[in-house]
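# Results of the structural survey
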Amino acid sequence: MLSKLLGSRRRSRAPTATIPDGQRVYAIGDVHGCLDQLDRLLADIDRDDAARPPADTTIIVLGDLVDRGPHSAQVIARLRARAGGKPAMRFLMGNHEEVFLSALTGDAKALKFFCRIGGRETIMSYGLSADAYEQLDYAGLHDWMMAHVPLDDRVFLSSFEDMIVIGDYAFVHAGVRPGVPLAAQTTTDLRWIREPFLDFRGTLEKRIVHGHTIVPDIVVRPHRIGLDTGAYTGGALSAIGLYGDAMWELNA
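Counting of residues starts from 1 at the beginning of each chain's written sequence and follows it residue by residue. In keeping with the model being predicted, local features are shown solely for residues with a pLDDT of at least 70 and side-chain atom pairs are shown and tallied solely at 80 or more, while totals for entire chains, interfaces and linings include all residues. Computation of side-chain values covers all heavy atoms of the structure but excludes hydrogens and water.

### Remarks on the overall build of the chain
Here a strand is any run of E in DSSP of at least two residues, a helix any run of H or I of at least four, and the numbering for each starts at the N terminus. Each helix and strand counted, the chain has nine helices and 10 strands in total. The C-alpha radius of gyration computed for the chain amounts to 18 Å, which stays within 12% of the reference 18 Å derived for 252 residues, consistent with globular compactness. Projecting the C-alpha coordinates of the chain onto the three principal axes gives extents of approximately 55 × 40 × 40 Å. Looking at the chain residue by residue over its 252 residues, the buried ones come to 50%. Contacts were defined at the residue level, with two residues in contact if any of their heavy atoms lie within 4.5 Å. For the chain, restricting intrachain contacts to residue pairs at least 6 apart in sequence, the fraction spanning at least 24 positions comes to 65%. Here the chain contributes 28 positively and 32 negatively charged side chains, and the mean placements of these two sets differ by 6 Å. Each radius of gyration is computed over the set of C-alpha atoms, and the globule rule expresses the reference value as 2.2 Å times the number of residues to the power 0.38. Relative accessible area decides the class of each residue, using a 1.4 Å probe on protein chains only: under 20% of the type maximum gives buried, over 50% gives exposed, and in between gives partly exposed. In this count, Lys and Arg are taken as positive residues and Asp and Glu as negative ones, while His and the chain termini are left out. Charged side chains are reduced to one point each, which is NZ for Lys, CZ for Arg, CG for Asp and CD for Glu.

Here you go:
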């Protein structure tokens, strides 16, 4: 127990990267349709932000709002409603948003893949019953989606960014390819990479904050911070706060 506590204290002092003066950043891991956890975490972030010294605060959502959990449509609506308000919110394009948007264009291959990786739950969150889902073929599913997924949702998801750089941190969905400058990273790697990024132990251009790969607890290493703690599997929905050279954890 003592060693675990000391490890936690060391981890809280680990960051050497910094956020510019006067700014505070919160980053939220993969939501995957978990509305209740998102609402609790956003409330915790709002309370945490209000309790700290005034700052120009930004909340970054690391992507994968949709699929697998039960309330993807409601998650999109909640975050779309908060976008443009205070504190500022920015959103990264996850691989699940990429596939969802491709499926909506009528790409048959993307639609089949979407349904295999949790898209069934996303479609049902827009009001299609389980029985009706099973009765539709892929062409019918696409027609139903085009009739029931609001244009505002599609425009919102399409506006998501691939990378956000603030101070010594770069925020991406999945990771980066080691040895490649940030400016030259491909969207495929930013949204899909696991290896060789996860096992990399060297120095990167920025400290990378990412989701995409589920871990039991937030991973904090000198070159990267992993925030996907498996909300849709029963794990926490996790976030970190960054201010100056300090970092702290929040979860719901």
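Picking up after the structure, the text goes on.
### With respect to the pairing of strand β3 (residues 88–91)
Each regular strand displays side chains that alternate between the two surfaces of the sheet. Side-chain alternation along β3 places Met89 and Phe91 on a buried face and Ala88 and Arg90 on a face that remains uncovered. Strand pairing is defined by DSSP finding a minimum of two bridges between the two strands. Relative to β3, strand β2 (residues 56–61) is paired through four bridges, and the arrangement is parallel. The partner of valine 61 across the bridge, within β3, is phenylalanine 91. Since β2 and β3 lie parallel, the crossover through helix α3 (residues 72–82) that links them has a hand, and here it is right-handed. Looking down the strands as they point away from the viewer, one classifies a crossover as right-handed if the path from the first strand across the helix to the second runs clockwise.

### What about the pattern of salt bridges?
When a carboxyl oxygen of Asp or Glu is within 4 Å of a side-chain nitrogen of Lys or Arg, the pair counts as a salt bridge. Tallied over the entire structure, the rule returns 12 salt bridges. The shortest N-O distance in the salt bridge between aspartate 46 and arginine 82 comes to 3.2 Å. Of this pair, aspartate 46 sits in helix α2 (residues 35–51) while arginine 82 sits in helix α3, and the two are 36 residues apart along the sequence. Of the residues examined, aspartate 46 reaches a relative accessible area of 30% and is grouped as partly exposed. Residues joined by salt bridges that share partners form a network here, namely Arg80, Asp152 and Asp153.

### Section: the sheet that holds β2
One open sheet holds the five strands; their spatial order is β3-β2-β1-β9-β10, and the pairing between them is mixed. Looking along the sheet, the strands with just one partner apiece sit at the ends: β3 and β10 (246–251). Neighbour-to-neighbour, the strand axes of the sheet open up by a mean angle of 20°, direction not taken into account. Inter-axis angles, ranging from 0 to 180 degrees, are taken between N-to-C directions of lines fitted to C-alpha atoms, where helices are fitted over the stretch in contact.

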